[in-house]
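The primary structure of each chain is shown beneath.
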Amino acid sequence: MKKILLTILCTFALFMVQTTVRAEYAHGKTLNLINADNRLYHFGFILGMNTMDFNVSNSGIITTQDGEIWEEGNETPGEIWYGEDTKLSPGFSVGIIADLRIFSWLDLRFTPTLFFNSRDLVFRNDKGEEREGGRISVQSNMMEFPLTLKFRGQRKNNYRPYLLGGGAFTLDMGRDSEAPIRLKAIDYGVEVGIGMDIYLPYFKLAPELKFYFGLGDVLERNRPEIADISDMRYNHAISRLTSRLIILNFNFE
C-alpha cells in the first residue's frame, strides 16, 4: 500500500512538470522571469498533500490486562502486545516560503508548514487477537519548521531541477491527554527532497516531493491523565516510535 501511494505521488508530480513544460513549448521558448534567481531573497506560499506514518519498534514486554508490566510470580496471566502502522491516508498542508540566495546554485530556505492528517495504530497480542475497540487513531495537526539547503541545477529554458536537504523540528498541536496513545509535543528529524522550478510569466511554480524522517522517540510515556489505565499495555508494547512523512508540495514563488 505504501509503495503504491508513493508511486502515485511521484507519477503525479512528474505529470504536473511534464504538462507545464509542454504548455511552455507550445507557446515558444521565450524565457520567463530571467532575473528571478538573482534576487537576494524572496517569499512565497505552499499548498500540498501529505501522508504520515510511524516506524514502530516493539518491546516484547509482557503486560497484564490492567496495563501493568507482568512480573514473575504474578497470578494474573501476562501477554505480549505488538503494534504496527498499516494504514496511510491523504492529508492537506499549507505553508509559507522564505528564501535567501547564497550562491547562484545554492539557497537557504525556511518553510514553516502546517499539516492536517491522522495516523492509525493496530495492536495484536501474541495470540493474534486484535485490540478490543479496533485501531487507535492518532490525530496529527502538526506544525513543521524546516531549515533546508536548495541545490539548484542548470536552468534549461523555463525549468530548473533542484535537490533539498536539511533538518526540521515539528510541533504537534492536536494531542489528546486521555487518548490510549499520545505523542510528544516536539520532534526533530531530517528532510530531503527533489523538485523542479518552472518559470511562468508572472511567478515560479515548483512541484516538490519531500521526505521527513523523525529521529526522536515521539511516544509520550508519562500518562497520569490517560482515560483507561489498562491502555498502558499498548504504551509498554512499543520501545520506540518515530515519525515519517511523505510530502507533495506545490510552491508558488
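For the structure, see preceding data.
Keep in mind that this is a model prediction, so the values were computed, not measured. (Residues numbered from 1 in each chain as written. Predicted model: local features only at pLDDT ≥ 70, side-chain atom pairs only at ≥ 80, totals over all residues. Heavy atoms only, no water.)

### A look at the side chain of Arg 152
Here is step 1: Among the secondary structure elements, Arg 152 is positioned in strand 7 (residues 136-152).
Here is step 2: Of the residues examined, Arg 152 reaches a relative accessible area of 7% and is grouped as buried.
Here is step 3: One polar contact links Arg 152 to Asp 107, side chain to side chain, over a distance of 3.5 Å.
Here is step 4: Apart from residues no more than four positions distant in its own chain, Arg 152 is found in contact with Asp 37, Arg 101, Phe 103, Ser 104, Trp 105, Asp 107, Arg 160, Pro 161, Tyr 162 and Asp 197. (Helix = DSSP H or I, 4+ residues; strand = E, 2+ residues; numbered from the N terminus. Buried < 20%, exposed > 50% of the residue type's maximum accessible area, 1.4 Å probe, protein only. Polar contact = N/O pair within 3.5 Å; in protein donor to acceptor, adjacent residues only side chain to side chain. Contact = heavy atoms within 4.5 Å.)

### Considerations on the pattern of salt bridges
Here is step 1: Scanning the model with the defined rule gives 15 salt bridges in all.
Here is step 2: A salt bridge links Glu 191 to Lys 210; the shortest N-O distance between them is 2.8 Å. Here Lys 210 lies in strand 10 (residues 204-214) and Glu 191 lies in strand 9 (residues 186-199), a separation of 19 residues in the sequence.
Here is step 3: Residue Glu 191 is classed as buried on the basis of its relative accessible area of 1%.
Here is step 4: A residue is classified by how much of its surface remains accessible, and Lys 210, at 4% relative accessible area, is buried. (Salt bridge = Lys/Arg side-chain N within 4 Å of Asp/Glu carboxyl O.)

### Brief notes about the environment of Ile 226
Here is step 1: Within the secondary structure, Ile 226 is located in the loop between strand 10 and helix 2 (232-236).
Here is step 2: On the basis of relative accessibility, which here comes to 10%, the residue Ile 226 falls in the buried class.
Here is step 3: Residues Ile 226 and Glu 178, spaced 48 residues apart in sequence, show a C-alpha to C-alpha distance of 4.2 Å.

### Overview of the packing of aromatic side chains
Here is step 1: With the rule as written, the count across this model stands at seven aromatic pairs.
Here is step 2: Here the aromatic rings of Phe 103 and Trp 105 are separated by 5.5 Å at their centres, their planes lie at 15°, and the arrangement is stacked.
Here is step 3: Among the residues examined, Phe 103 registers a relative accessible area of 44% and is labelled partly exposed.
Here is step 4: Centre to centre, the rings of Phe 123 and Tyr 234 are 5.0 Å apart; their planes meet at 45°, and the pair counts as tilted. With a gap of 111 residues between them, Phe 123 in strand 6 (residues 113-125) and Tyr 234 in helix 2 connect regions that are remote in the sequence.
Here is step 5: Looking at Phe 123, the relative accessible area reads 1%, which means it is buried.
Here is step 6: Residue Tyr 234 is classed as buried on the basis of its relative accessible area, which comes to 2%.
Here is step 7: The ring of Tyr 162 has Lys 150 sitting right over it, with the charged end atom 4.3 Å from the ring centre. (Phe/Tyr/Trp six-rings, centres within 6.5 Å; stacked < 30°, edge-to-face > 60°. Lys NZ or Arg CZ within 6 Å of the ring centre and 35° of its normal.)

### Side note on the environment of Arg 233
Here is step 1: Note on placement: Arg 233 falls in helix 2.
Here is step 2: When the C-alpha positions of Arg 233 and Gln 65 are compared, they lie 7.5 Å apart, and in sequence the two are 168 residues distant.
Here is step 3: Beyond its immediate chain neighbours, meaning those up to four positions away, Arg 233 contacts Thr 63, Thr 64, Gln 65, Gly 67, Glu 79 and Trp 81.
Here is step 4: At 3.2 Å, the side chain of Arg 233 forms a polar contact with the backbone oxygen of Ser 230.

### Quick look at the pairing of strand 6
Here is step 1: With ten of 13 residues buried, strand 6 lies mostly within the body of the structure.
Here is step 2: Two elements, strand 3 (residues 79-84) and strand 6, share four bridges in a ladder whose sense is antiparallel. Note on strand 6: the bridge partner recorded for Tyr 82 is Arg 124.
Here is step 3: One ladder, built from four bridges, connects strand 4 (residues 91-103) with strand 6; its direction is antiparallel. Looking at the pairing, Phe 92 lines up with Phe 116 of strand 6.
Here is step 4: In this structure, strand 6 lies alongside strand 7, joined through nine bridges in antiparallel fashion. (Pairing = 2+ DSSP bridges.)

### Structural notes on the nonpolar core
Here is step 1: In terms of nonpolar packing, the biggest core is built from 15 residues, with Phe 54, Leu 121, Phe 123, Val 138, Ile 181 and Leu 241 touching the most fellow members.
Here is step 2: At the level of secondary structure, the elements contributing two or more residues to this core comprise strand 1 (41-58), strand 6, strand 7 and strand 11 (238-252).
Here is step 3: Not counting the four nearest positions on each side in its chain, Leu 121 is found in contact with Phe 54, Val 56, Glu 84, Asp 85, Arg 135, Ile 136, Val 138 and Ile 181. (Core = buried A, V, L, I, M, F, W, Y, C linked by side-chain atoms within 4.5 Å.)

### So, the environment of Asp 107
Here is step 1: Here Asp 107 shows up in strand 5 (residues 106-110).
Here is step 2: Looking at Asp 107, the relative accessible area reads 2%, which means it is buried.
Here is step 3: Between the C-alpha atoms of Asp 107 and Arg 152, which are 45 residues apart in sequence, the distance is 8.1 Å.
Here is step 4: With residues up to four places along the chain from it excluded, the contact list for Asp 107 reads Asp 99, Leu 100, Arg 101, Ile 102, Thr 148, Leu 149, Lys 150 and Arg 152.

### Here we look at unusual backbone geometry
Here is step 1: One non-glycine residue, Leu 33, lies in positive phi territory at about 50°.
Here is step 2: With respect to the element layout, Leu 33 can be found in the loop between helix 1 (2-26) and strand 1.
Here is step 3: Positive phi, normally seen in glycine, also occurs at Asn 157, with a value near 55°.
Here is step 4: You can call Asn 157 partly exposed: its relative accessible area is 21%.

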